[in-house]
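Coordinate analysis (summary)
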Amino acid sequence: MTEKRKGARSIKDIPTDILEKLNRGEIETANLTEWLAVDQRLLLENLLLQNDRKEYLMPVLEIVNQLKKQTVNSINETIGVGLLNQALKNKDDEFLWKLSVHPADLVRCWAAYTIGRNHNLKLKEKLDSIQSFAADSHFGVREICWMTVRPDISRNLEESLSILSTWTTHDNENVRRFASESTRPRGVWCEHIDALKQNPGIGLEILEPLRSDSSRYVQDSVGNWLNDASKSQPEFVVEICDEWLRESPTKETQYIVKKALRTLKK
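It should be emphasised that the depicted structure is a prediction, and the values quoted were computed from it without experimental measurement. (Residues numbered from 1 in each chain as written. Predicted model: local features only at pLDDT ≥ 70, side-chain atom pairs only at ≥ 80, totals over all residues. Heavy atoms only, no water.)

1. Re the nonpolar core
Residues Leu44, Leu83, Leu127, Ile130, Trp167 and Phe178 are the most contacted members of the largest nonpolar core, which totals 73 residues. With eight residues, helix α7 (residues 105–116) is the single largest residue contributor to this core. Non-local contacts of Ile130, meaning those with residues more than four positions away in its chain, are made with Ala112, Ile115, Cys145, Thr148, Val149, Trp167 and Phe178. (Core = buried A, V, L, I, M, F, W, Y, C linked by side-chain atoms within 4.5 Å. Buried < 20%, exposed > 50% of the residue type's maximum accessible area, 1.4 Å probe, protein only. Helix = DSSP H or I, 4+ residues; strand = E, 2+ residues; numbered from the N terminus. Contact = heavy atoms within 4.5 Å.)

Laid out in structure tokens, this is it:
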């Protein structure tokens with residue numbers, strides 16, 4: 001199992017055979033260091049050769065090479081969108097499905113972009129399709145997948161909150177966490193959602209069911225959501241935290257509240 005592999009602490013310490021397997025898409029990255037070390041161009045080339053789609057390579061690489069900012073995330077997104085465009089042009093649904101179940105986490109990240117950036121899909125179709133990525137066992141896929149649909153969530157906030165509120169009771173903690181993380185007013189590595197910064201109360205249909213969630217992963221996200229909101233609407237956050245502590249004085253709620261108020265308590 002890949003989970004048991006710790007992964008090197010620095011890129012230079014990654015064993016050659018591990019790096020080769022990562023670049024061939026045979027194994028998942030074990031940590032952030034490995035995630036940053038993968039040569040996505042090489043991984044793309046190997047993926048397309050393995051799937052007899054080498055004609056997709058140059059059109060995608062051309063767009064990647066034109067990127068002004070060559071970061072892991074910008075390359076990741078550009079490859080995902082590039083593969084989507086090639087698949088749509090060639091009516092190649094089979095290839096899109098293969099990406100979504102690929103053993104390599106970075107390939108599944110590309111697959112998440114083929115959903116999030118597919119203009120042929122309505123919002124509900126996108127969110128329904130992205131849920132399996134939200135439940136993914138790999139941290140990288142979980143982080144990328146909410147970013148792929150974040151612009152749609154922001155543009156269709158009311159509908160998004162309504163759909164995602166049903167995810168807050170899901171058995172899988174990763175799915176519950178997605179509902180909170182994808183709607184954070186400020187978020188990380190993404191554009192802010194102004195409506196939630198000005199009126200965070202509209203997000204309560206997501207937050208209320210999670211206020212005493214058993215998962216630390218979910219608790220962290222809810223605490224961060226409210227901490228985001230505290231930077232523009234501090235009184236609202238203080239009120240909500242007081243109310244939650246009165247109505248639900250569990251250790252889970254106490255942990256969330258402490259995290260939520262950390263900026264205000266500085």
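Let's pick the thread back up.
2. Overview of the side chain of Arg53
Within the element layout of this structure, Arg53 appears in the loop between α3 (40–50) and α4 (57–65). Residue Arg53 is classed as buried on the basis of its relative accessible area of 11%. One polar contact links the side chain of Arg53 to the main-chain carbonyl oxygen of Asn51, over a distance of 2.6 Å. Polar contacts involving the side chain of Arg53 include one to the side chain of Asp92, which spans 2.6 Å. Once residues within four sequence positions are removed from consideration, Arg53 is found in contact with Leu48, Asp92, Glu94 and Phe95. (Polar contact = N/O pair within 3.5 Å; in protein donor to acceptor, adjacent residues only side chain to side chain.)

3. Considering α3
Residues of α3 that are buried: Gln40, Leu43, Leu44, Asn46, Leu47 and Leu48. In this fold, the buried residues of α3 make contact with α1 (16–24), α4, α5 (72–89), α6 (93–100) and α7. For α3, the N-terminal cap is Asp39; the gap from its side-chain oxygen to the backbone nitrogen of Arg41 is 3.1 Å. Phi turns positive one or two residues past the end of α3, at Asp52, with a value near 55°.

4. Considering the packing of aromatic side chains
Under the counting rule described, the total for this entry stands at two aromatic pairs. Arranged with centres 5.7 Å apart and planes meeting at 70°, the rings of Tyr56 and Phe95 form a pair that is edge-to-face. Here the residue Tyr56 occupies a position in the loop between α3 and α4, and Phe95 occupies one in helix α6, the gap between them amounting to 39 residues. What makes Tyr56 buried here is its relative accessible area of 1%. A residue is classified by how much of its surface remains accessible, and Phe95, at 0% relative accessible area, is buried. Judged by centre distance (5.2 Å) and plane angle (35°), the rings of Trp167 and Phe178 are tilted. You can see Trp167 sitting in the loop between α10 (157–165) and α11 (173–181) and its partner Phe178 sitting in helix α11, a full eleven residues away along the chain. Of the two residues, Trp167 and Phe178, neither departs from the other in class, the shared state being buried. (Phe/Tyr/Trp six-rings, centres within 6.5 Å; stacked < 30°, edge-to-face > 60°.)

Note that every value here comes from positions in space, so none of it alone points to a role or purpose.
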